[in-house]
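# Examining the three-dimensional arrangement
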Amino acid sequence: MRTGKHSVKKIRGFCFLLLILGILGIAVFRFTAETASAGGNRPEPRYKYYTSIQIAYGDSLWSIAEEYRTAEYADIYSYIEEVMEINHLSSDRLQAGDKLCIPYYSSEFKE
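How each quantity is defined
Residues numbered from 1 in each chain as written. Predicted model: local features only at pLDDT ≥ 70, side-chain atom pairs only at ≥ 80, totals over all residues. Heavy atoms only, no water. Helix = DSSP H or I, 4+ residues; strand = E, 2+ residues; numbered from the N terminus. Buried < 20%, exposed > 50% of the residue type's maximum accessible area, 1.4 Å probe, protein only. Contact = heavy atoms within 4.5 Å. Areas by Shrake-Rupley, 256 points an atom, 1.4 Å probe, with all protein chains shown as cover. Patch = residues over 30% accessible without salt bridge, like charges linked within 9 Å, V, L, I, M, F, W, Y side chains within 5 Å. Salt bridge = Lys/Arg side-chain N within 4 Å of Asp/Glu carboxyl O. Axes fitted to C-alpha atoms, helices over the stretch in contact; angles between N-to-C directions. Parallel < 35°, antiparallel > 145°, perpendicular 65-115°, else oblique. Left-handed = near helix turned anticlockwise from the far one by under 90°. Nonpolar A, V, L, I, M, F, W, Y, C, P; charged D, E, K, R; others polar. Polar contact = N/O pair within 3.5 Å; in protein donor to acceptor, adjacent residues only side chain to side chain. Core = buried A, V, L, I, M, F, W, Y, C linked by side-chain atoms within 4.5 Å. Arc of directions from axis to C-beta.

### Structural notes on the overall build of the protein chain
Within the protein chain, the secondary structure is distributed over three helices and two strands. Ordering the α and β elements of the protein chain from the N terminus gives α-β-α-α-β. Per-residue burial for the protein chain yields a buried fraction of 17% across its 111 residues. The long-range fraction of contacts in the protein chain, counting pairs at least 24 apart against all pairs at least 6 apart in sequence, stands at 67%. For the protein chain, the accessible area works out to roughly 9100 Å², and carbon and sulfur atoms hold 58% of it.

### Description of a nonpolar patch on the surface
A grouping of F14, F16, L17, L18, L19, I20, L21, I23 and L24 is seen on the molecular surface, where their side chains present a nonpolar patch of about 890 Å² in accessible area. Its relative accessible area of 34% is what places I20 among the partly exposed residues.

### Let's talk about the packing of helix 2 (residues 61-68) against helix 3 (residues 76-86)
Here helix 2 crosses helix 3 at 110°, and the two axes come no closer than 9 Å. Comparing the axis directions of helix 2 and helix 3 gives the class roughly perpendicular. Regarding helix 2 and helix 3, the two cross each other, and that crossing is right-handed. Along the contact surface, helix 2 presents L61, W62, A65, E66 and Y68, while helix 3 presents I76, Y77, Y79, I80, V83 and M84. Taken together, the residues of the contact of helix 2 with helix 3 sort by class into 10 nonpolar, no polar and one charged.

### Considerations on the side chain of S106
Among the structural elements, S106 can be located in strand 2 (residues 99-106). By relative accessible area, S106 is classed as buried at 14%. Here E108 takes part through its backbone nitrogen, which lies 3.0 Å from a polar atom of the side chain of S106. For S106, the residues in contact, after removing those within four places along its chain, are P45, R46, Y47 and Y49.

### Side note on the nonpolar core
Counting 13 residues, the largest nonpolar core has L61, I64, Y79, V83, L94, L100 and I102 as the members making the most contacts within it. Sorting elements by how many residues they give to this core places helix 3 first, with four residues. Here L100 is in contact with T51, S52, I53, I55, L61, I64, V83, N87, L89 and L94, once residues within four sequence places are set aside.

### Section: helix 2
What helix 2 keeps buried is the set L61, I64 and A65. The buried side chains of helix 2 occupy one side of the element, clustering within an arc of 100° when seen end-on. Looking at helix 2, the residues exposed on the side facing more than 90 degrees away from the buried face are E66 and E67. Turning to helix 2, the residues buried within the fold contact strand 1 (47-54), helix 3 and strand 2.

This is the structure:
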């Protein structure tokens with residue numbers, strides 16, 4: 001009879017060990033899956049560039065901002081403010097034929 005009880009204890013111990021290993025396996029799998037998916041959600045890097053445009057008749061800082069402003073700017077006013085600053089403009093009046101330096105962002109890295 002002693003052998004039977006000993007065998008049952010061994011089987012229970014083995015089952016308990018399998019249960020613990022299963023729980024650990026699931027925990028490791030979940031942790032690595034979450035880590036892998038978190039790494040996949042990284043936003044694509046954005047790079048700031050400047051380009052020169054020629055002002056056409058009827059252009060305004062507002063229309064230029066509507067065309068070139070990207071999501072990195074909180075609003076259209078902050079974009080216009082930066083354009084005025086980098087071009088040393090004290091007024092929003094633009095002259096057709098003049099050139100403006102304007103900022104923009106791109107995910108493409110340019111050297």
